[in-house]
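Close look at the chain arrangement
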Amino acid sequence: MLHGQMMQTPLLISGLIEHADRHHPDVEIVSRRVEGDVHRTTYRDLHRRARQVANAIGGLGIKPGERVATLAWNGYRHLELYFGVSGSGSALHTLNPRLIAEQIAWIINDAEDQALFFDLTFLPIIEGIASHCKSVRHWVAMIDKEKMPASSKVNLLCYEDLLAAASDHFAWPQFDENTASSMCYTSGTTGHPKGVLYSHRSTVLHSMAAALPDALNLSARDCILPVVPMFHVNAWGLPYVAPMVGAKLVFPGGALDGKSLFDLFEAEKVTCSAGVPTVWQGLLAHTEANNLRFSTMRRTVIGGSACPPSMLRLFQEKYGVQVLHAWGMTEMSPLGTVSTFKGKHDALSAEQRLALQYKQGRAIFGVDMKIVDADGQDLPWDGKAFGDLLVRGPWIVDRYFKQADSPLRTDAGGQGWFPTGDVATIDADGFMQITDRSKDVIKSGGEWISSIDIENVAVSHPAVAMAACIAARHPKWDERPLLVVVRKPNAQITREQLLAHYEGKVARWQVPDDVVFVDAIPLGATGKMLKTRLREQFKDYRLPGA
Ligand code: AMP
């Protein structure tokens with residue numbers, strides 16, 4: 001072998017903020033704060049305060065390799081921790097405040113977090129769990145001295161005091177790019193959540209790939225508002241991509257309702273956003289009800305669960321906002337595929353192009369994927385055969401934190417693949433489409449029914465706000481689809497009308513056996529419908545005729 005003779009500069013997260021400071025010092029970071037106001041800073045100032053964070057956590061006795069947790073909204077202080085903590089060699093552990101308190105405490109103990117930085121909104125959670133979290137030595141409220149809360153239960157430190165006392169002289173240490181940088185736990189709908197430990201290398205490579213034109217297509221001309229929380233797989237990498245490309249960042253804080261988001265989009269001239277479908281439902285309900293239009297928004301990334309075709313159409317055809325349907329998972333940093341066209345697709349009709357966008361899309365470079373049958377044999381890329389989706393690549397998990405057993409499956413060639421738990425097809429152009437989460441597929445008499453397909457038809461009806469399709473037990477067919485539906489406010493629709501809406505849209509045998517109208521569908525901690533809860537709720541449901 002002949003060695004290449006290029007520099008071995010490590011790929012480090014500190015490099016991202018150094019680059020932004022040097023090349024985009026005046027680009028703004030705008031945050032709606034828990035204080036109730038809108039705060040403005042720049043990459044230069046963010047870098048300065050990130051160095052203060054590095055000194056401050058050193059002063060608290062946090063050593064490289066130790067975990068520092070956050071329980072915080074999207075905002076500039078959270079971003080300072082992203083760079084200050086990881087940049088100094090510790091691992092930033094973003095906790096999801098929407099989990100129940102016991103689960104948060106369990107995760108903190110598993111990760112052995114040494115310090116926890118939190119937004120004031122979450123003080124009640126902190127007071128509830130602090131005595132159960134033995135590893136945490138410092139509880140830091142991300143606020144200034146004047147607004148520091150009094151707590152009889154927890155000894156609190158003040159974030160702004162810590163920073164004010166810390167020098168902004170700090171030289172980012174250079175270390176192995178495989179060092180752990182941050183950590184996220186899987187949503188853990190079954191069993192305990194599992195920790196995924198990202199590295200500096202995986203994060204920087206993921207950012208580079210995410211920014212590519214056929215991925216999220218981000219540049220110094222963009223103004224990005226990540227609605228997806230910084231505690232949900234690092235806001236899909238956007239807090240790293242934005243300084244890499246020099247894009248303006250806008251953070252919504254805790255105000256995620258349709259009106260607050262729309263007002264912020266307009267006030268800050270946001271060009272690009274990202275979030276799960278349930279968030280966009282709220283935003284679109286607001287724009288529809290008030291006859292509003294986006295004046296600067298050009299595209300939005302939708303992922304986390306399947307983007308319903310009716311939402312995709314509405315965004316693109318009425319609002320002129322391009323939808324980038326994307327797929328990924330916590331174990332993948334998260335980005336795996338994005339649905340963007342190839343040159344040859346210019347020749348397609350509008351309907352054919354939409355059909356491609358409904359798919360979760362093509363693998364970005366770095367992500368290798370395949371579908372296999374029950375015996376692990378490769379399935380053809382014909383857009384029809386469906387099977388377990390397996391992936392591999394430099395930003396895909398190899399092992400879970402503290403777990404001895406490898407989650408990977410080894411193929412005949414000795415390559416390790418991560419089983420995603422998703423069932424998918426891949427077409428000849430490499431467009432992957434998720435049929436279902438393997439545990440959500442409805443197995444009716446040996447045939448599979450995609451719950452996603454059934455839900456998409458339901459939400460295309462104008463009276464339907466949200467729909468979940470789950471398997472109900474059936475004596476003859478094992479499982480049959482049951483549709484759980486939330487009506488739009490003041491909308492009328494009957495079971496019969498909704499079932500009639502399926503005619504010609506899916507095969508007869510795939511039409512749900514029954515419809516149940518409910519006030520709300522339970523959502524999980526990342527805004528996805530909690531089908532496990534629904535299945536539990538309807539486990540004794542008797543289908544008509546069963
Ligand atoms: P999480 O790790 O919580 O982000 O969840 C990852 C899972 O969300 C994936 O394995 C998929 O089942 C689902 N998911 C993510 N994006 C999509 C999408 N665009 N369409 C359908 N399912 C998705």
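Here the structure is shown first, and the text comes after it.
Just so you know, these numbers come straight off a predicted model, no measurement behind them.

Let's shift gears to the sheet that holds strand β12 (residues 272–275). As summarised here, the arrangement of the nine strands in space is β2-β1-β11-β10-β12-β13-β14-β15-β16, forming an open sheet in which the pairing is mixed. Two strands in the sheet have a free side with no partner beyond their single neighbour: β2 (38–42) and β16 (362–363). With four bridges joining them, strand β13 (residues 299–302) and strand β14 (residues 322–328) adopt parallel strand pairing. Of the residues in β14, the one forming a bridge with R299 is Q322. On the sheet, helix α12 (residues 309–318) packs against β13 and β14 and is oriented at approximately 145° with respect to β14.

Bringing the packing of helix α10 (residues 258–267) against helix α11 (residues 277–290) into the picture now. Between two packed helices, both the angle of their axes relative to each other and the distance between the axes serve to describe the pair. Relative to each other, α10 and α11 sit at 80°, their axes nearing to 8 Å. Relative to α11, the element α10 is oriented roughly perpendicular. Contacts between α10 and α11 involve G258, K259, L261, F262 and F265 from the former and V279, W280, G282, L283, H286 and T287 from the latter. Of the residues contributing to the contact of α10 with α11, the split by class is six nonpolar, four polar and one charged.

Further remarks concern the pairing of β13. On β13, burial covers both faces: R299 and V301 on one face and T300 and I302 on the other are all buried. Relative to β13, β12 runs parallel, the two being bridged by four bridges. Bridge assignment links A274 to a residue of β13, and that residue is V301. Taken together, β12, α11 and β13 constitute a β-α-β crossover, and its handedness is right-handed.

Attention now moves to helix α1 (residues 13–23). Within α1 the residues assigned to the buried category are I13, S14, L16, I17, A20 and D21. On an axial view of α1, the arc spanned by its buried residues comes to 155°, and they lie on one face. In this fold, the buried residues of α1 make contact with α2 (43–59), α3 (76–87), β8 (180–185), α7 (200–211) and α9 (238–245).

Glancing now at the packing of aromatic side chains. Considering all chains together, one arrives at twelve aromatic pairs under this definition. When the centroid spacing of 5.9 Å and the interplanar angle of 85° are considered together, the rings of F265 and F294 count as edge-to-face. Of the two residues, F265 sits in helix α10 while F294 sits in the loop between α11 and β13, which places them 29 residues apart along the sequence. By the burial criterion, F265 is buried, and F294 matches it. Measuring from centroid to centroid gives 5.8 Å for F538 and Y541, while their planes differ by 75°, and the two rings are edge-to-face. Given the relative accessible area of 11%, F538 is considered buried. Aromatic rings pair up to connect F262, F265, W280, F294, F315 and Y319 into one cluster. Residue placement shows R353 over the ring face of F341; its charged tip is 4.0 Å from the ring centre. Positioned above the aromatic ring of W448, the side-chain terminus of K443 is 5.2 Å from the ring centre.

This part is about the sheet that holds β8. Read across the open sheet, the seven strands follow the order β7-β6-β5-β3-β4-β8-β9; overall the sheet is mixed. Each edge of the sheet is formed by a strand with only one pairing partner; in this case those strands are β7 (156–158) and β9 (195–199). Each adjacent strand pair in this sheet contributes to an overall mean axis angle of 25°, direction not counted. The strands touched by helix α4 (residues 101–111) within the sheet are β3 (67–71), β4 (91–94), β5 (115–118) and β8, with β8 carrying the most contacts at an inclination of about 150°.

A few words now on the pairing of strand β24 (residues 464–474). Burial analysis of β24 places eight of its eleven residues in the buried class, the great majority of the element. Bridge count for β24 against strand β25 (residues 478–487) is ten bridges, and the pairing is antiparallel. Opposite A472, over in β25, you have R480 as the bridge partner. Counting the residues that bridge the hairpin from β24 to β25 gives three residues.

Here Q103 is to be found in helix α4. Considering only alpha carbons, one finds Q103 and I129, 26 residues apart in sequence, at a separation of 9.8 Å.

Turning our eyes to something else, we now look at the site of the ligand. Contacts to the ligand come from 16 residues, most closely from A326, T330, D422, R437 and K528. Note that a nitrogen atom of the ligand is positioned 2.7 Å from one of the backbone N or O atoms of A326. In the model, an oxygen atom of the ligand is placed 2.8 Å from a nitrogen or oxygen of the R437 side chain. Considered on its own, the ligand offers 500 Å² of accessible surface; in the complex 92% of this is hidden by protein. The element best represented in the shell around the ligand is β14, accounting for four residues. Of the residues that constitute the shell around the ligand, the class distribution is four nonpolar, nine polar and three charged.

Moving on: α12. When α12 is considered as a whole, its buried residues turn out to be P309, M311, L312, F315 and Q316. Down the axis of α12, the buried set is contained in an arc of 165°. They therefore lie on one face. Here the buried face of α12 lies against α11, β13, β14, α13 (350–358) and α14 (451–459).

Each value, and the rule that gives it
Residues numbered from 1 in each chain as written. Predicted model: local features only at pLDDT ≥ 70, side-chain atom pairs only at ≥ 80, totals over all residues. Heavy atoms only, no water. Pairing = 2+ DSSP bridges. Helix = DSSP H or I, 4+ residues; strand = E, 2+ residues; numbered from the N terminus. Contact = heavy atoms within 4.5 Å. Axes fitted to C-alpha atoms, helices over the stretch in contact; angles between N-to-C directions. Parallel < 35°, antiparallel > 145°, perpendicular 65-115°, else oblique. Nonpolar A, V, L, I, M, F, W, Y, C, P; charged D, E, K, R; others polar. Buried < 20%, exposed > 50% of the residue type's maximum accessible area, 1.4 Å probe, protein only. Right-handed = clockwise from strand over helix to strand, strands pointing away. Arc of directions from axis to C-beta. Phe/Tyr/Trp six-rings, centres within 6.5 Å; stacked < 30°, edge-to-face > 60°. Lys NZ or Arg CZ within 6 Å of the ring centre and 35° of its normal. Near = heavy atom within 4 Å. Polar contact = N/O pair within 3.5 Å; in protein donor to acceptor, adjacent residues only side chain to side chain. Areas by Shrake-Rupley, 256 points an atom, 1.4 Å probe, with all protein chains shown as cover.

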